[in-house]
Amino acid sequence: MFKGPVENKNEAAMSELVPEPRQKPVVPMKPMGINASLLGYIGIDTIIEQMRKKTMKTGFDFNIMVVGQSGLGKSTLVNTLFKSQVSRKSSGWNREEKIPKTVEIKAIGHVIEEGGVKMKLTVIDTPGFGDQINNENCWEPIEKYINEQYEKFLKEEVNIARKKRIPDTRVHCCLYFISPTGHSLRPLDLEFMKHLSKVVNIIPVIAKADTMTLEEKTEFKQRVRKELEVNGIEFYPQKEFDEDLEDKTENDKIRESMPFAVVGSDKEYQVNGKRVLGRKTPWGIIEVENLSHCEFALLRDFVIRTHLQDLKEVTHNIHYETYRAKRLNDNGGLPPMTVETEENHESNL
Amino acid sequence: MSKQQPAQFTNPETPGYVGFANLPNQVHRKSVKKGFEFTLMVVGESGLGKSTLINSLFLTDLYPERIIPGAADKIERTVQIEASTVEIEERGVKLRLTVVDTPGYGDAINCRDCFKTIIAYIDEQFERYLHDESGLNRRHIIDNRVHCCFYFISPFGHGLKPLDVEFMKAIHNKVNIVPVIAKADTLSLKERERLKKRILDEIEEHGIKIYHLPDAESDEDEDFKEQTRLLKASIPFCVVGSNQLIEAKGKKVRGRLYPWGVVEVENPEHNDFLKLRTMLITHMQDLQEVTQDLHYENFRSERLKRGGRKIEDEEVNKDQILLEKEAELRRMQEMIARMQAQMQMQMQSGEGDSSAVHGHHV
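Residues numbered from 1 in each chain as written. Chains lettered and ligands numbered in written order. Predicted model: local features only at pLDDT ≥ 70, side-chain atom pairs only at ≥ 80, totals over all residues. Heavy atoms only, no water.

(A) A look at the environment of Ile208 of chain B. Here Ile208 of chain B is to be found in the loop between helix H6 (189-205) and helix H7 (222-233). Ile208 of chain B sits 36 residues away from His172 of chain B along the chain, and the two C-alpha atoms are 6.7 Å apart. (Helix = DSSP H or I, 4+ residues; strand = E, 2+ residues; numbered from the N terminus.)

Spelled out as structure tokens, the structure:
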């Protein structure tokens, strides 16, 4: 379960407004025809185990995009999240390279395995974003890329002879890196999130958070949240997609502590006899996974341990469906033409 | 800072002694009475720690009622120039310090016009001084020229950004640039070294002229020479600013309190704050001199060459010429189009009746 620093206060408040959360029933909460009382054990619940076995065999795809000005620690953070060298940093990218003149989209795929479960992880980097003197519309290449992935999936779906498992290159999650100025969001941040929050799940994070003291952090997060609210920007987990009260409670807690102020590192140091990931400075060692130092652990638990599947589902059931509906509407309700006749079709939304 | 003590006023009875060795004393006394003026400009994106650093340097609060605008407000704003003056007195020496702030720099999505306002301001101060200097009554010329510009580089990047390069290239012939990296507590020592080197390399690569500390004279003592050498080797300075007093190791120091430790502002092992302050104080005179002898003289010769025509006039002339040329181009294009249309009509009517076609050859 998700653990947050404000957990106790919220729980106390919640229990006054809401009765004790009910035990999750064996039958699903959606209304069913006849609620037959079981006369004995049938074994329906073993379907969970069957699904688990299947998932383990097939493995699954996860595509995460990182967006932010150069130098905010995007590559390091992704490496820290997945505890492996999966970012641009590790595949031949040299930090001495020049900033590209336009926004480039670089996707790097890795297969990582844990506990018998295989994940095909793709990290999509966007070097050049926000680094020019004139950054007008620099989010357009990113929007185009995301829509192209939806288009690819749509074409596969409407194919007469479909593949059994359509390769999923759609962006499930977009980590947006906010510069830790301590003041407020920058105009570019607002514009980007306004345009893209309707198209993809955006998770804003405050990068290089070791530059702010505790008070500065709290103040900054509050200000950022308020700015996002005032400008109508819904980051993931979006309020409108909370399915039931349980979801809402859990997600409310998360939304209250976002954006997470994180620190990334791929170096280990010895602290109190243990080896920890951290940053060494003349005045102390910043421990990445220590909750009193930064909120990296919260971000990791959120993205990977509790909401990974939900990120994919929201992408498929909501963002992709929105795209699909728009495309079918544009086509007069007909699906787009089959692959043979439209080999070089470009998504021109 | 250990300079040789001025020679004592020796006995005028000593043979061969004239007494003008006492001149520096007199100058010193007069300057102290008159007080010093210094204008420092601060440029950098918002949130890089400029105001905190200025407050820390001069142990004062220059921005008591500051409101930080939100992102939506920043979208509409252009770069402003805000000058605040403060009189500081220390041991009888008066300093009239003007800090010129440039809020809005680097905030917009399109920063192409970011530095026009700033350059205009610098030029305006030169213009005013030139005017005063050429005037009849030159007794009380106020020197508002910008003597030094602290340019703040972001500690989060990998080096200079395109905006940094363009801006510095635009003003390096007008003002002394001192590059500063604030919020340096975000960098480990190794990262700092790497960033400093990268920035120096890029400055050289683009031919940007930053302020160079003059070498110590050969007759200065070893300590001073060593100090100057250290200062020169630490540019650009990586600083941390703060006016909060934190308890550390039993005493109260200015610093920032983190869960993992305390960053001390005045600890040379933590950051270059002391070096920056030393440089500014010991070289205030030199900064003013370079502004006068180099940047101002450049400006003056440019202006006088142009023969009294102000820059705005020239630009207006250029614009006018452009407009005129464009209008003429349009007229010619319209004429060609008309002629072509006529030709078409002629061709068509020519096919109808087979008499000779009057072709207009353009």
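We are not done yet, so read on.
(B) Region of the structure containing the UniProt feature "coiled-coil region" (unreviewed entry) in chain B. With numbering aligned to this structure, UniProt lists the feature "coiled-coil region" (unreviewed entry) at residues 322-349 of chain B. The straight-line gap between the two end C-alpha atoms of residues 322-349 of chain B is 41 Å; of that span, 100% is helix and 0% is strand. (UniProt positions renumbered as here; feature names shortened; annotations may be inferred.)

(C) Fine view of the sheet that holds strand E8 (residues 274-281) of chain A. Residue and element names in this part refer to chain A. Pairing in this open sheet of three strands is antiparallel, and the strands run E7-E8-E9 from one edge to the other. The open sheet has two edge strands, strand E7 (268-271) and strand E9 (284-287), and neither has a second partner. Here the average twist between neighbouring strands, direction ignored, is 65 degrees. Note that E8 and E9 share four bridges and pair antiparallel. Pairing of Lys280 across the sheet is with Ile285, part of E9. (Pairing = 2+ DSSP bridges. Axes fitted to C-alpha atoms, helices over the stretch in contact; angles between N-to-C directions.)

(D) A look at H6 of chain B. All names here are of chain B. Taking 1.5 Å of rise per residue, 17 residues should cover 24 Å, and H6 covers 24 Å from first to last C-alpha, within 8% of that figure. For H6, the set of buried residues is Arg192, Leu195, Lys196, Arg198, Ile199, Glu202 and Ile203. For H6, the buried positions fall inside an angular range of 165 degrees around the axis, keeping them on one side. Exposed side chains of H6 directed beyond 90 degrees from the buried face belong to Lys190, Glu193, Lys197, Glu204 and Glu205. Where H6 is buried, its residues meet strand E4 (148-153), strand E5 (177-181) and strand E6 (237-238). Immediately beyond the C-terminal end of H6, within one or two residues, lies Gly207, with a positive phi of roughly 70 degrees. (Expected span 1.5 Å × (residues − 1). Buried < 20%, exposed > 50% of the residue type's maximum accessible area, 1.4 Å probe, protein only. Arc of directions from axis to C-beta. Contact = heavy atoms within 4.5 Å.)

(E) Examining a nonpolar patch on the surface more closely. Residues and elements named next belong to chain A. On the surface, a cluster of nonpolar side chains totalling about 360 Å² of accessible area is made up of Leu38, Ile42 and Ile44. Structurally, Ile44 can be placed in the loop between helix H1 (7-17) and helix H2 (46-58). Given a relative accessible area of 60%, Ile44 falls into the exposed group. (Patch = residues over 30% accessible without salt bridge, like charges linked within 9 Å, V, L, I, M, F, W, Y side chains within 5 Å. Areas by Shrake-Rupley, 256 points an atom, 1.4 Å probe, with all protein chains shown as cover. Salt bridge = Lys/Arg side-chain N within 4 Å of Asp/Glu carboxyl O.)

(F) Up close: the pairing of E5 of chain B. Residues and elements named next belong to chain B. Counting buried residues in E5 gives five out of five residues, a clear majority hidden from the surface. In E5, alternate side chains face the same way, and those of Ile177, Pro179 and Ile181 on one face and Val178 and Val180 on the other are all buried. Where E4 and E5 come together, five bridges link them in parallel fashion. Paired with Tyr151 across the bridge in E5 is Pro179. Once the chain exits E4 it traverses helix H5 (residues 162-171) before rejoining the sheet at E5, and the crossover so formed is right-handed. (Right-handed = clockwise from strand over helix to strand, strands pointing away.)

(G) Representation of the environment of Leu95 of chain B in the model. Residue and element names in this part refer to chain B. Structurally, Leu95 can be placed in strand E3 (residues 93-101). Leu95 gets classed as buried once you look at its relative accessible area, which sits at 14%. Here the alpha-carbon distance between Leu95 and Phe36, two residues 59 residues apart in the chain, equals 4.8 Å. Excluding residues within four positions of it along the chain, Leu95 makes contact with Phe36, Phe38, Val86, Glu87, Ile88 and Met284.

(H) The arrangement of the state of the cysteines in detail. All names here are of chain B. The tally for this structure, following the rule as stated, stands at zero disulfides over all chains. Distance from the sulfur of Cys111, which forms no disulfide, to the nearest cysteine sulfur (Cys114) is 4.1 Å. You can call Cys111 buried: its relative accessible area is 4%. No disulfide involves Cys149; its nearest neighbouring cysteine sulfur is the one of Cys148, lying 7.0 Å away. Residue Cys149 is classed as buried on the basis of its relative accessible area of 0%. (Disulfide = S-S within 2.5 Å.)

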